[in-house]
Amino acid sequence: MCVSAAHAQFRGTTVYAGRRHHPVHGRIEVFGYQNTAVNLASGPNAMLLHLPGRNLTPDNFIDVGRHRDVLDRMVDAVEGAAAADGMAWMDGPVPQAHVFEHDVYTVVLAEDPMAVYAALERVPPHRRPAVSPELFEFYALAFPSHAIVLCCFDNRDTLRAKPLLLWYEPIDPDRIVVPAIDCHTGGVPLFGSPVERDHVVIFGVDETDVADGWGRSPDHAYSAVVEWPGDLRHRLREFLPDRVVVGAVPGLDRPDLLVNGDFGIDVADLLADRGLTRLDSLRLVGP
């Protein structure tokens, strides 16, 4: 569920997106991402994510601290998934594009794909990938209003990446979209082509947005209340959902979701708890 600058494998991907009433930032969308990355290139590599948000800076990245299982707790609430690792971010704002470190990654963040391309020279040489300019042109044409996150790495070992968690002002207030286009060869993704789906997609909601029975009915096997630990920091808890629903799982029998494209769900359907048992509300979204 990402695009790589060169040959790579990404397994066990979990992606989360949810709307949240934050006491400081107001109505926001929170995005979470975690996977196992294997670099198959001869040199540095990178993965790209396009996010439907505005005005992102390193300050939008949330430090999960010692709570290394924030995404796994969401999965555990509905699927009983195994535990995972965590993450820590260091920020450093710069003109046009931001370049900063996250444990196995050097991250480049910008709302202009060509600004990301220009900032590659600021990535340390041992992590600087040789990214095709056509790939950034693809993002500029297909996702002109999206923020671009480029995670650069040089690691031949399989590593369980710590969860990426960040917030932003969503472009579309009525629909939640998560990046799901795939291409792990360094080439330009082809929309509509068959892809393997080896990931879990989770959507989250605020307690105040839904009725009391949301996610509690046995008829809704894919939704649940998340049990957060008592020692969870208040600043982190403010970004996390009260209830979650699984939108896609490995082995999904929805042929329409097994082609290249992003996943989306209408906020009204999510809050109404409609069609989520059969995953009917999840849609493939094009550029």
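Here, the structure is the one placed above.
Residues numbered from 1 in each chain as written. Predicted model: local features only at pLDDT ≥ 70, side-chain atom pairs only at ≥ 80, totals over all residues. Heavy atoms only, no water.

### A closer look at the sheet that holds strand β16 (residues 283–285)
So, point 1. As summarised here, the arrangement of the three strands in space is β11-β15-β16, forming an open sheet in which the pairing is antiparallel. Both outer strands of the open sheet, β11 (175–178) and β16, are each paired with one neighbouring strand and no more. Across the sheet, the axes of successive neighbouring strands diverge by a mean angle of 35 degrees, strand direction being ignored.
So, point 2. Here strand β15 (residues 262–266) runs beside β16; their pairing, made up of three bridges, is antiparallel. Bridge pairing links G264 to R283 in β16. (Pairing = 2+ DSSP bridges. Helix = DSSP H or I, 4+ residues; strand = E, 2+ residues; numbered from the N terminus. Axes fitted to C-alpha atoms, helices over the stretch in contact; angles between N-to-C directions.)

### Things to note about the sheet that holds strand β7 (residues 105–110)
So, point 1. Taken together, five strands build an open sheet; the order of strands is β1-β4-β8-β7-β6 and the sheet is antiparallel. Each of the sheet's edge strands pairs with one partner strand only, and the pair in question is β1 (3–4) and β6 (98–102).
So, point 2. The strands that helix α3 (residues 133–142) touches are β1, β4 (45–51) and β8 (147–153); relative to β4, the one it contacts most, it runs at about 5 degrees. (Contact = heavy atoms within 4.5 Å.)

### Describing the pairing of strand β12 (residues 199–205)
So, point 1. Counting buried residues along β12, seven of its seven residues qualify, which places the element largely inside the surrounding structure.
So, point 2. By the alternation rule, side chains of β12 split into H199, V201, F203 and V205 and V200, I202 and G204, which are all buried.
So, point 3. Summarising the sheet, strand β2 (residues 8–22) and β12 pair through six bridges and their orientation is parallel. Bridge pairing in β12 places A17 opposite F203. (Buried < 20%, exposed > 50% of the residue type's maximum accessible area, 1.4 Å probe, protein only.)

### Looking at the pairing of β7
So, point 1. In terms of residue burial, β7 counts as a mostly covered element, since six of its six residues are buried.
So, point 2. Burial along β7 is two-sided: Y105, V107 and L109 facing one way and T106, V108 and A110 facing the other are all buried.
So, point 3. With five bridges joining them, β6 and β7 adopt antiparallel strand pairing. Each residue of the ladder has a partner; that of E101, found in β7, is T106.
So, point 4. Where β6 folds back on β7, the antiparallel hairpin that results is connected by two residues.
So, point 5. Alignment of β7 against β8, held across five bridges, turns out to be antiparallel. The residue bridging V107 from the neighbouring strand is C151, located in β8.

### Focus on the packing of aromatic side chains
So, point 1. Scanning all chains against the criterion turns up 10 aromatic pairs.
So, point 2. Each ring, one from F31 and one from Y33, has its centre 6.3 Å from the other, and the planes form 15 degrees; the classification is stacked.
So, point 3. Residue F31 is classed as buried on the basis of its relative accessible area, which comes to 0%.
So, point 4. Through a chain of ring-to-ring contacts, three or more aromatic side chains come together here, namely F138, Y139, F143 and F191. (Phe/Tyr/Trp six-rings, centres within 6.5 Å; stacked < 30°, edge-to-face > 60°.)

### Looking at the environment of V259
So, point 1. Positionally, V259 belongs in the loop between β14 (243–248) and β15.
So, point 2. Look at V259 and you get partly exposed, because its relative accessible area is 22%.
So, point 3. In this structure the C-alpha to C-alpha distance between V259 and F191, which are 68 residues apart in sequence, comes to 7.5 Å.
So, point 4. Filtering out sequence-adjacent residues up to four positions away, V259 remains in contact with G192, S193, P194, V195, R197 and L284.

### What about the side chain of H50?
So, point 1. Residue placement: H50 occurs in strand β4.
So, point 2. Overall, the relative accessible area of 2% leaves H50 in the buried class.
So, point 3. Once residues lying within four places of it in the same chain are set aside, the contact partners of H50 are Y139, F143, H146, A147, I148, P179, I181 and D262.

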